[in-house]
Amino acid sequence: MNRAFSAGLPAAVMAFVYLLPLVGSAASPGPAEFLPPSPLVRPEDLPYPGKLRLEVDSSDIARRIVHVHEFLTGVVGDLTLFYPQWLPGTHAPEGPIDRFAGLRISADGAAVPWKRDPVDVFAFHVHPPAGVAMLDIEFDYLSATSDKVGPIEMSPELLMLEWNSVVLYPGGYYARQIPVEASLTLPAGWKFGSALEVRSTVGAKTLFEPVSLETLIDSPVYAGKYSSRLDLDPGSSVPVHLNLFADRPALLEVKSAELERYRNLVKQAYRLFGSHHYAHYDFLYSLSDKIQQSGLEHQQSSEDGGDPEAFTDWDKLSADRDLLPHEYTHSWNGKFRRPADLWVASYELPMRDDLLWVYEGQTEYWGQILATRAGLWTRDQMLDQLALSAAFYEHEAGRSWRSLSDTTNDEIINPRRPESWPDWQRFEDYYGEGELVWLEADTLIRELSRGRRSLDDFARLFFGIDDGSTTIVTYMRADVIAALNTVQPYDWAAFFDARLDAAGVPAPLAGIERGGYRLIYGDKPNEFQTARDADRKRVSLLYSIGVDVDDKDGTILLVMWQSPAFKAKLIEGAQIMAVNGVAYSAEDLREAVAFSKGTTQPIELIVKSGDRFSVVDLDYHDGLRIPHLERNAAVPDRLTEILAPRK
Ligand SMILES: [Zn+2]
């Protein structure tokens, strides 16, 4: 229970709450709680008295087995070894302990027994014989052999290596206090990219300069048979590189116009933040449909996975072209400046995600704005993207019971597994709805200051401190509010309380309105939705009949809560076999919805669910409702100002 909750309870209720356990313990039958003392030590901010030599062999691409050999010095008596559990960037206890095998520990050639902690299954207790100062530790990381096991990280052409998967570290010390000397063996002839500095390379084995465990885990390696390295900030003493790894060499071809857009991204980020917090920065960008397409931020690099044809088919609008701008923004927002309760001294300690509406919400905002300012998206594409996002939150039923703040727990509740009725549950809304809240703050600052100040000033004030420093600076909610008040005095505490902490509040669309636009629905195509539907091979009719449908076979992929489809008892997985008596086609379904406008006849579907067929009448008469932003000439066009590149 937090303070806010207990403060709201009447005194009589509080007295009852306090009394209840006393009454209960005297009278209740059954066993007493068994609580053995925790053998886990809390980490201290002291230098680890030895070092960790970590040898990783990831050359077994065929079997996707990564062999790890560690030499840990500085051992004095009993210790606990941890496999990283709470991972930065995923904000959740997602360390892949289920892919960890073959642990053997020895000292001076003799086996040393280990015992896993029965509560924290990521912890291994070790009792070395007296006088042992170094442990020899071996294990295998079994990278997923199918996507049922986990994300695919290795292919015959490419591998992604996150060091947290291949390290056991000694407990009792802050991660930044444990020195690691890491080496990596790759398949012969492969090239790699990483924020780590190389000390030496012998054949396929690379030895990196020693770093702390914290820096190591924040510095993954991408490697591959086909790669290229492009300079995004030529002539700078703080280099930024785009490292590409692809399934085929032809996919690596980047035209100069596109390279220029990514160079603009770096320029526009510097104009926004006025600082950098890395010695150099490396985008690790995989162009592959064989390995996982991920996005994961680090302070001096990022993991970016995209459409294999992201460069070779540039004219196809890519909905995820804000990926690199998003992950790059995290170097400032999330990595350098981090919520105090999300930063952890060591990876066995739980993270708290309540400030993700800043960490992810404002990164979503700057990521999309920087994508537009850099020319990766056009202004109109960005407006179409905003319309889609706003429409979703306007229709999302779950907001009636669940606050936006509460969704920040979702990384822990459900780390992106599929779920039933997602818009009734809500999910990671602190990204997209967080973005709309920040748009509201930005337009409000612009309005109140008569165009003299904006959220750009907040970005510079909050993230632009300590230029050149890589040392993390943490913050609390009050610090965000204080910085906003420095930019523009306003009751920002109440502003965020109202939008974040209450359930049942309408979607935050005031930023769009104060930006000079209105969210409308009609039959005009939304370029973004058309591109996304083509990409995901589906028909999106969420705001009309309330479904997303597989465009080829009519399988229902999503049903919006309380939509006409919901009321007709359609569910995800059912298949639309016929529309108004004619065999299903995506075109016919779209047309039937379009022609429903003003009619009194229902749309008749024949639906197959399991082995049952049924005729379903959709009582719907409003035509296509595709979201759009329409210009409102009565309000200054602040959205266009926000999206224009900074000079
Ligand atoms: Zn993010």
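Asker: Help me understand the layout of surface pockets in this model?
Answerer: If you roll a probe as big as a water molecule over the atoms, it shows you where there is empty space left. Taken as a whole, the second largest pocket encloses approximately 460 Å³ of empty space. Examining the composition of the lining of the second largest pocket, we find that 3 residues originate from one element, helix 3 (residues 213-217), more than from any other. The class makeup of the residues in the lining of the second largest pocket is 9 nonpolar, 10 polar and 5 charged.

Asker: Sorry if this is basic, but what is going on with the packing of aromatic side chains here?
Answerer: The description of an aromatic ring pair uses the distance of the two centres, along with the angle that the planes make with each other. This model, assessed by the stated rule, comprises 50 aromatic pairs. Seen in terms of ring centroids, Tyr281 and Tyr328 are 4.9 Å apart; in terms of plane orientation they differ by 65°. Their pairing is edge-to-face. Within this pair, whereas Tyr281 is found in strand 19 (residues 281-287), its partner Tyr328 is found in helix 5 (residues 323-329), the two being separated by 47 residues in sequence. When the ring centre of Tyr517 is taken as origin, the NZ or CZ atom of Arg631, which lies over that ring, is 5.6 Å away.

Asker: Would you explain the coordination of the zinc ion in this entry?
Answerer: Perfect tetrahedral coordination of a metal by four donors corresponds to 109.5 degrees between them, and perfect octahedral coordination by six donors corresponds to 90 or 180 degrees. In this structure, His326 (NE2), His330 (NE2) and Glu360 (OE) serve as the protein donors to the zinc ion, at separations of 2.0 to 2.1 Å. Within one chain, the residues serving as donors to the zinc ion are arranged as H-x3-H-x29-E. The class for His326 is buried, based on a relative accessible area of 7%. For His330, a relative accessible area of 0% translates into the label buried.

Asker: What is the right way to look at the environment of Ser38 in this model?
Answerer: You can see Ser38 is positioned in the loop between helix 2 (11-27) and strand 1 (52-60). Accessibility expressed as a relative area gives 55% for Ser38, which makes it exposed.

Asker: Which parts of the structure should I look at to understand the pattern of salt bridges?
Answerer: Going through the model one piece at a time under the given rule, you end up with 38 salt bridges. The partner of Arg379 in a salt bridge is Asp380, and the shortest N-O contact between them spans 2.8 Å. Among the residues examined, Asp380 registers a relative accessible area of 42% and is labelled partly exposed. Notably, a salt bridge pairs Arg446 with Asp456, separated by 3.8 Å at the nearest N-O pair. With Arg446 in helix 11 (residues 429-448) and Asp456 in helix 12 (residues 455-463), this residue pair connects regions lying 10 residues apart in the sequence. Across this residue pair, the class does not change: Arg446 and Asp456 are buried.

Asker: Hey, could you run me through the sheet that holds strand 16 (residues 221-224) in this one?
Answerer: Across a sheet, paired strands are connected by hydrogen bonds in the backbone, their directions being either parallel or antiparallel. The strand order across the open sheet formed by 3 strands is 9-16-12, and the pairing between neighbours is antiparallel. Of all strands in the sheet, those with a lone pairing partner are strand 9 (158-161) and strand 12 (191-194), marking the two edges. Pairwise comparison of adjacent strand axes, ignoring direction, gives a mean angle of 15° for this sheet. Here strand 9 runs beside strand 16; their pairing, made up of 4 bridges, is antiparallel. Bridging across to strand 16, Leu161 finds its partner in Val221.

Asker: I tried to follow the environment of His276 on my own but got confused; where do I start?
Answerer: Looking at where His276 falls in the secondary structure, it is placed in the loop between helix 4 (256-273) and strand 19. Taking relative accessible area as the criterion, His276 reaches 16% and is therefore assigned buried. In this structure the C-alpha to C-alpha distance between His276 and Thr486, which are 210 residues apart in sequence, comes to 22 Å. Setting aside its immediate chain neighbours within four residues, His276 contacts Val238, Tyr270, Trp332, Asp467, Gly468 and Ser469. Of the polar contacts made by the side chain of His276, one reaches the backbone oxygen of Tyr278; its length is 3.0 Å.

Asker: Help me understand the side chain of Asp442, please; the structure alone is not making it clear to me.
Answerer: Looking at the element boundaries, Asp442 is found in helix 11. According to the relative accessible area criterion, Asp442 is buried, its value standing at 0%. A polar contact is formed between the side chain of Asp442 and the side chain of Tyr365, at a distance of 2.6 Å. A polar contact is formed between the side chain of Asp442 and the backbone nitrogen of Leu455, at a distance of 3.0 Å. If we ignore the near neighbours within four places in the chain, the residues touching Asp442 are Tyr365, Ser454, Leu455 and Ile642.

Conventions we followed
Residues numbered from 1 in each chain as written. Predicted model: local features only at pLDDT ≥ 70, side-chain atom pairs only at ≥ 80, totals over all residues. Heavy atoms only, no water. 1 Å grid on protein atoms, 1.4 Å probe; cavity = no way out; pocket = protein on both sides within 12 Å on 5 of 7 lines; lining within 4 Å. Points joined across faces, edges and corners; volume = space filled by probe spheres on them. Helix = DSSP H or I, 4+ residues; strand = E, 2+ residues; numbered from the N terminus. Nonpolar A, V, L, I, M, F, W, Y, C, P; charged D, E, K, R; others polar. Phe/Tyr/Trp six-rings, centres within 6.5 Å; stacked < 30°, edge-to-face > 60°. Lys NZ or Arg CZ within 6 Å of the ring centre and 35° of its normal. Donors = N, O, S within 2.8 Å, 3.2 Å for Na, K, Ca; no water. Buried < 20%, exposed > 50% of the residue type's maximum accessible area, 1.4 Å probe, protein only. Salt bridge = Lys/Arg side-chain N within 4 Å of Asp/Glu carboxyl O. Pairing = 2+ DSSP bridges. Axes fitted to C-alpha atoms, helices over the stretch in contact; angles between N-to-C directions. Contact = heavy atoms within 4.5 Å. Polar contact = N/O pair within 3.5 Å; in protein donor to acceptor, adjacent residues only side chain to side chain.

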